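Residues per chain are reported as follows:
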Amino acid sequence: VQDRVIVVHKPDEPSIRIASGQIKIVKEDIEYTGLEAQVEMFGAYPGSTESEPYGMLTVKEYLQGGLSGVHITGSVTFGNATGSAGFHIHVGTDPSDPETIGGHFWSPTTQPDPWAGVSIQFVNGVAKVDLVTSELSSGVVQAFSLTGQLAVQDRVIVVHKPDEPSIRIASGQIKIKAQEPSPDTVPSPGVPEPVDDSSTVRLRLSVALAALFLSVL
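All values derive from a computational prediction rather than experimental measurement.

Colleague: Explanation requested: the pattern of salt bridges in the structure shown.
Modeller: It is possible for side chains bearing opposite charge to pair when their charged atoms get close. All chains considered together, the criterion is met by 3 salt bridges. Between Lys161 and Glu50 there is a salt bridge, with the nearest N and O atoms lying 3.2 Å from each other. With Lys161 in strand β9 (residues 156-161) and Glu50 in the loop between β3 (31-42) and β4 (54-64), this residue pair connects regions lying 111 residues apart in the sequence. Between Lys161 and Glu164 there is a salt bridge, with the nearest N and O atoms lying 3.5 Å from each other.

Colleague: So what exactly am I meant to see when it comes to the side chain of Gln142 here?
Modeller: With respect to the helices, strands and loops of the structure, Gln142 is situated in the loop between β8 (126-132) and β9. Here Ser107 takes part through its backbone oxygen, which lies 3.1 Å from a polar atom of the side chain of Gln142. Here Gln142 is in contact with Ser68, Trp106, Ser107, Pro114 and Leu150, once residues within four sequence places are set aside.

Colleague: Any chance you could explain the pairing of β4 here in plain terms?
Modeller: Along a regular strand, successive side chains alternate from one face of the sheet to the other. Across 9 bridges, the pairing between β3 and β4 is antiparallel. For Ala37, the partnering residue across the bridge sits in β4 and is Val59. Bridge count for β4 against strand β5 (residues 67-77) is 11 bridges, and the pairing is antiparallel. Opposite Leu63, over in β5, you have Ser68 as the bridge partner.

Colleague: What's the story with the packing of aromatic side chains in this structure? I'm lost.
Modeller: Going through the model one piece at a time under the given rule, you end up with 4 aromatic pairs. With a centroid separation of 6.3 Å and an interplanar angle of 65°, the aromatic rings of Phe78 and Phe122 are classed as edge-to-face. In this pair, Phe78 is assigned in the loop between β5 and β6 (83-90) and Phe122 in strand β7 (residues 119-123), connecting sequence segments 44 residues apart. Taking the centre distance of 5.7 Å and the plane angle of 50° together, the rings of Trp115 and Phe144 count as tilted. Here Phe144 lies in the loop between β8 and β9 and Trp115 lies in the loop between α1 (98-101) and β7, a separation of 29 residues in the sequence. On the accessibility criterion, Phe144 (0% relative accessible area) is buried.

Colleague: Sorry if this is basic, but what is going on with the side chain of Ser171 here?
Modeller: Topologically, Ser171 is positioned in strand β10 (residues 164-173). Given the relative accessible area of 10%, Ser171 is considered buried. A polar atom in the side chain of Ser171 sits 3.0 Å from the backbone oxygen of Pro95. Setting aside anything within four residues of it in sequence, one finds Ser171 in contact with Glu40, Met41, Tyr45, Pro46, Pro95, Ile101, Val156, Ile157 and Val158.

Colleague: How should I be thinking about the sheet that holds β8 in this particular structure?
Modeller: Sheet strands associate in pairs through backbone hydrogen bonding, adopting either a parallel or an antiparallel arrangement. Pairing is antiparallel in the open sheet, where 9 strands are placed in the order β10-β9-β6-β7-β8-β5-β4-β3-β11. Of all strands in the sheet, those with a lone pairing partner are β10 and β11 (175-176), marking the two edges. Across 4 bridges, β6 lies against β9 in antiparallel orientation. Of the residues in β9, the one forming a bridge with Phe87 is Val159.

Colleague: Sorry, what's going on with unusual backbone geometry here?
Modeller: Leave glycine aside and you will find that most residues have negative phi; peptide bonds, for their part, are mostly trans. Note the cis peptide between Ser107 and Pro108, where omega equals -5°. The backbone of Leu150 shows a phi angle near 45°, a positive value even though the residue is not glycine. Looking at Leu150, the relative accessible area reads 15%, which means it is buried. In this structure, Asp163 is a non-glycine residue whose phi angle is positive, near 65°.

Colleague: Would you mind going over the environment of Pro98 with me for this structure?
Modeller: By the element assignment, Pro98 lies in helix α1. Measuring from C-alpha to C-alpha, the distance between Pro98 and Pro46 comes to 6.3 Å, with 52 residues separating the pair along the chain. In this structure, Pro98 is in contact with Tyr45 and Pro46, ignoring residues within four places of it in sequence.

The rules we used
- Residues numbered from 1 in each chain as written.
- Predicted model: local features only at pLDDT ≥ 70, side-chain atom pairs only at ≥ 80, totals over all residues.
- Heavy atoms only, no water.
- Salt bridge = Lys/Arg side-chain N within 4 Å of Asp/Glu carboxyl O.
- Helix = DSSP H or I, 4+ residues; strand = E, 2+ residues; numbered from the N terminus.
- Polar contact = N/O pair within 3.5 Å; in protein donor to acceptor, adjacent residues only side chain to side chain.
- Contact = heavy atoms within 4.5 Å.
- Pairing = 2+ DSSP bridges.
- Phe/Tyr/Trp six-rings, centres within 6.5 Å; stacked < 30°, edge-to-face > 60°.
- Buried < 20%, exposed > 50% of the residue type's maximum accessible area, 1.4 Å probe, protein only.

Here you go:
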């Protein structure tokens, strides 16, 4: 029932619907590690003649119950499309080369494919993405990460055409975000950096002592 809708009807008038809400899994006990990546999707999948999609995604590594995973959020636009579209991480690392993008990424491949059946829902051309890999329902735990075990860094995310799973419409590479420098390490504009003047103080003290010695003589 994940992502399906609960509907409430009007009291004593069952033909009238008065409220609805989506069933969402609560992402409990997730602790983000601080590692984060971005995925940019500009233009159609290489070789595709479909209208050009656009997507911006964020991929965050997390720990949950001692196992790692990645949380993918963002959105993808594709014309005025409505329908369910396949959404998967693939083994390839070059989103411009359809020959090397390959199939879904998981290990060991002797186990069921955790990406089988994973999709996003387009409504009027926009699909919201909110995917936690520990929720993939293959029956086998896949401890994905950004840079460690089952690392997805540099791999390619592929989006398929809504309701036409054999057609790929977009691809983008998972790229680690550059770490922002800490505010404590960046000097404020117009404020000079501190200077270690201990050597200057020692020199002045030595000169003063020498002058005192000569005056006594």
